[in-house]
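# Reading the structure
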Amino acid sequence: MRHAAALAGALLVATAVPAFAHVDVLPREVPVGTASALTVRVPTERDLPTVAVRLEIPEGVTAFSIREPPAGWRARTITGDDGRISAIEWRGGRIGVGEYQDFGLLATPTEVGTTVWTSLQTYADGVVKPWTAPPADDDEAVVETGPEDPGPAAAVRIVDAGDDTAAAVAPAADDGGSDAGVWLGVVAIGIAALAALGVGLLWSSRPATLPPEE
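As a starting point, this report considers the structure included with it. (Residues numbered from 1 in each chain as written. Predicted model: local features only at pLDDT ≥ 70, side-chain atom pairs only at ≥ 80, totals over all residues. Heavy atoms only, no water.)

Time to look at the overall build of the chain. For the chain, the helix and strand inventory stands at two helices and 14 strands. The buried share of the chain, taken over its 214 residues, is 32%. A sequence separation of at least 24 residues applies to 66% of the contacts in the chain between residues at least 6 apart. Surface accessibility of the chain: about 12,900 Å² in total, with carbon and sulfur atoms responsible for 60%. (Helix = DSSP H or I, 4+ residues; strand = E, 2+ residues; numbered from the N terminus. Buried < 20%, exposed > 50% of the residue type's maximum accessible area, 1.4 Å probe, protein only. Contact = heavy atoms within 4.5 Å. Areas by Shrake-Rupley, 256 points an atom, 1.4 Å probe, with all protein chains shown as cover.)

In structure tokens form, the structure reads like this:
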């Protein structure tokens, strides 16, 4: 079993995995000058739990509020000499093997372009994984070379507020509204089909020749 686990770990390190499997910042596109709800998604990719995460706030982005951390976690902001929040740390909790956790913040981007979000992920054995390398494309496979080697940072595209391609400020909540509309459409189609079937049966059951009037 021990040899099998070691082999599995080696294969995990040597396997190319999608870029979005690493520490990510979502959504990947937000409008400039608008307070946006951002989600920091942290998966555990080693066979040990994640116990801490540090996110660096890039230049051109003003972070001003943190969503209440998940149970067991506590958040701390690091402020630079200019009074701006330059980093956020989450500690105290655990992200289990094969699991992920979402952390949230509100921030306003002030410049159009691509912002790079570097981060540090600390595991239970004290090893820190730096996500500080250049970002990878969404569809690009990234080779995980080791728990301490720099991996690709997250990237968020900041677009003009009038750009029709701009993503929503926050991920849309699943309120079931769209599903309800779909089901209402299906029910309406079913009722119409049953009505048509009933009319067809009515006509088909009528005699070919009507009896003479008295």
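Taken together, the side chains of Glu59, Asp81, Asp82 and Glu111 present a region of like negative charge at the surface. The topology assignment puts Glu59 in the loop between strand S5 (50-56) and strand S6 (61-66). (Patch = residues over 30% accessible without salt bridge, like charges linked within 9 Å, V, L, I, M, F, W, Y side chains within 5 Å. Salt bridge = Lys/Arg side-chain N within 4 Å of Asp/Glu carboxyl O. Lys, Arg positive; Asp, Glu negative; His and termini not counted. Charge placed at Lys NZ, Arg CZ, Asp CG, Glu CD.)

Before going further, it helps to spend a moment on the packing of aromatic side chains. Counted according to the given criterion, the structure contains two aromatic pairs. Their ring planes at 75 degrees and their centres at 5.1 Å tell us that Trp73 and Phe103 sit as a pair that is edge-to-face. Here Phe103 lies in strand S9 (residues 100-109) and Trp73 lies in the loop between S6 and strand S7 (74-79), a separation of 30 residues in the sequence. When its relative accessible area of 9% is taken as the criterion, Trp73 is described as buried. Among the aromatic residues, those joined into a cluster by ring pairs are Trp73, Trp90 and Phe103. One cation-aromatic arrangement involves Arg46 over Tyr123; the distance from NZ or CZ to the ring centre is 4.9 Å. (Phe/Tyr/Trp six-rings, centres within 6.5 Å; stacked < 30°, edge-to-face > 60°. Lys NZ or Arg CZ within 6 Å of the ring centre and 35° of its normal.)

Let us look at the nonpolar core. If you look at the biggest cluster of nonpolar residues, it comprises 25 residues, and the most contacted ones within it are Val40, Leu55, Ile57, Trp90, Phe103, Leu105 and Trp117. Those elements giving two or more residues to this core turn out to be strand S4 (36-43), S5, S6, strand S8 (85-95), S9 and strand S14 (154-159). When residues in this core are grouped by element, the largest group, four residues, is from S8. Contact partners of Leu55, with chain neighbours within four places excluded, come to Val25, Val40, Ser86, Ala87, Ile88, Trp90, Leu105, Trp117, Thr118 and Ser119. (Core = buried A, V, L, I, M, F, W, Y, C linked by side-chain atoms within 4.5 Å.)

The values are spatial; any link to function lies outside them.
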